[in-house]
Amino acid sequence: MPLSDPQTQNGPRHVAIIMDGNGRWAQMRGRPRLFGHHAGARRVREIVEACPDLGVKYLTIFAFSTENWKRTQTEVAGLMSLFRRYIQRESRDLFQRGVRVRFIGDRIRLDDKLVTLMDELELLTAGNDRVHLTIALNYGGRDEVTRAAKRLALEIEKGRLSHKDVDAETLSRFLDTHVLPDPDLVIRTSGEARISNFLLWQSAYAEYIFVDTLWPDFTAAEFARVLAEYGVRDRRFGAVKA
Ligand code: IPE
Ligand code: IPE
Ligand code: MG
């Protein structure tokens, strides 16, 4: 996708969500953190289903960061098993609802069984176009840019590209998100106001909205309210209005 592809209508075409607060949601209920992750996974369906009516064509969700490996082995293993089960359980429904699923992030550290399920879901839904759902799994913005730079360097080394060709447009073609437009809006739940290494390059001109709601409590109605807030933002992209 071209780099500067600003959204001109009122609603965002591409929404990215940092789904945060599952652990605290569970802790508040005296339950283990994984209980919160399961509740969080159930929320995803409602938000994906709300997209077509809200005019959201692209939804990108942060499921596991390159830093989340620092958590306990129990939590990491539980999350990996949740991702496997999520794909097994939801594939058919996602396909039937016209959702095209993609994964971004480094697959190298993920187990083979999970990677196979991810590949199969991408293949199954490759012909869909109603909503484009991208799941960021073992994703980090710095890691993505580093991997892109490495592949770009290899192209130069092999003589397939000249250093003179390297500009922002070229680099962006090597990113995991190369087929996606830049996000118009990034939402983070749970009251934390930081990016945590999500879509660093792509969100250069995104609007940010932080809500206090913990992810398992984030409803389609709140999603619609957040989109309405986006609708009154004035995006200038560095320019001055005529
Ligand atoms: C977000 O919820 C999901 C993942 C990072 C996998 P958290 O697990 O970060 O929940 P909190 O922030 O500890 O409440
Ligand atoms: C960001 O949340 C990652 C995901 C939502 C998957 P974290 O909970 O890992 O972020 P920090 O540690 O609070 O910055
Ligand atoms: Mg968190």
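Note that the coordinates shown come from a computational prediction; the quantities given were computed from them, not determined experimentally.

Asker: Tell me about the sheet that holds strand β2 (residues 58-65), and please be specific about residues and values.
Answerer: On the basis of which strands lie adjacent, the open sheet formed by six strands has the order β3-β4-β2-β1-β5-β6 and parallel pairing. Edge positions in the sheet fall to β3 (99-104) and β6 (207-210), since each has one partner strand and no second. With strand direction ignored, the average angle separating the axes of adjacent strands in the sheet is 20°. The pairing of β3 with strand β4 (residues 131-139) spans six bridges and is classified as parallel. When the sheet's bridge partners are listed, R102 is paired in β4 with T134. Packing of helix α7 (residues 220-231) onto the sheet brings it into contact with β1 (14-18), β2, β5 (185-188) and β6, and relative to β5 it is tilted by some 135°.

Asker: Talk me through the packing of aromatic side chains; I want residue IDs and the actual numbers.
Answerer: As enumerated under the stated definition, the model contains 10 aromatic pairs in all. When the ring of F62 is compared with that of Y139, the centres are 6.0 Å apart and the planes differ by 80°; the resulting orientation is edge-to-face. Taken together, the residues span a long stretch of sequence, with F62 in strand β2 and Y139 in strand β4 at a distance of 77 residues. Y139 carries the same exposure label as F62, and that label is buried. Judged by centre distance (6.1 Å) and plane angle (90°), the ring pair of Y139 and F198 falls under edge-to-face. Of the two residues, Y139 sits in strand β4 while F198 sits in the loop between β5 and β6, which places them 59 residues apart along the sequence.

Asker: Give a detailed account of the site of ligand 2, specifying residues and quantitative values.
Answerer: Surveying the vicinity of ligand 2 reveals the residues I18, M19, D20, F62, A63, F64, N68, R71, R188, R194 and S196. One of the side-chain nitrogen or oxygen atoms of N68 is found 2.9 Å away from an oxygen atom of ligand 2. Measuring from an oxygen atom of ligand 2, one finds a side-chain N or O atom of R71 at 3.2 Å. In the complex, the protein chains occlude 77% of the 390 Å² of accessible area that ligand 2 would expose alone. Among the elements that take part in the shell around ligand 2, β2 stands out by supplying three residues, more than any other. Counted by class, the shell around ligand 2 contains five nonpolar, two polar and four charged residues.

Rules used throughout
- Residues numbered from 1 in each chain as written.
- Chains lettered and ligands numbered in written order.
- Predicted model: local features only at pLDDT ≥ 70, side-chain atom pairs only at ≥ 80, totals over all residues.
- Heavy atoms only, no water.
- Pairing = 2+ DSSP bridges.
- Helix = DSSP H or I, 4+ residues; strand = E, 2+ residues; numbered from the N terminus.
- Axes fitted to C-alpha atoms, helices over the stretch in contact; angles between N-to-C directions.
- Contact = heavy atoms within 4.5 Å.
- Phe/Tyr/Trp six-rings, centres within 6.5 Å; stacked < 30°, edge-to-face > 60°.
- Buried < 20%, exposed > 50% of the residue type's maximum accessible area, 1.4 Å probe, protein only.
- Near = heavy atom within 4 Å.
- Polar contact = N/O pair within 3.5 Å; in protein donor to acceptor, adjacent residues only side chain to side chain.
- Areas by Shrake-Rupley, 256 points an atom, 1.4 Å probe, with all protein chains shown as cover.
- Nonpolar A, V, L, I, M, F, W, Y, C, P; charged D, E, K, R; others polar.

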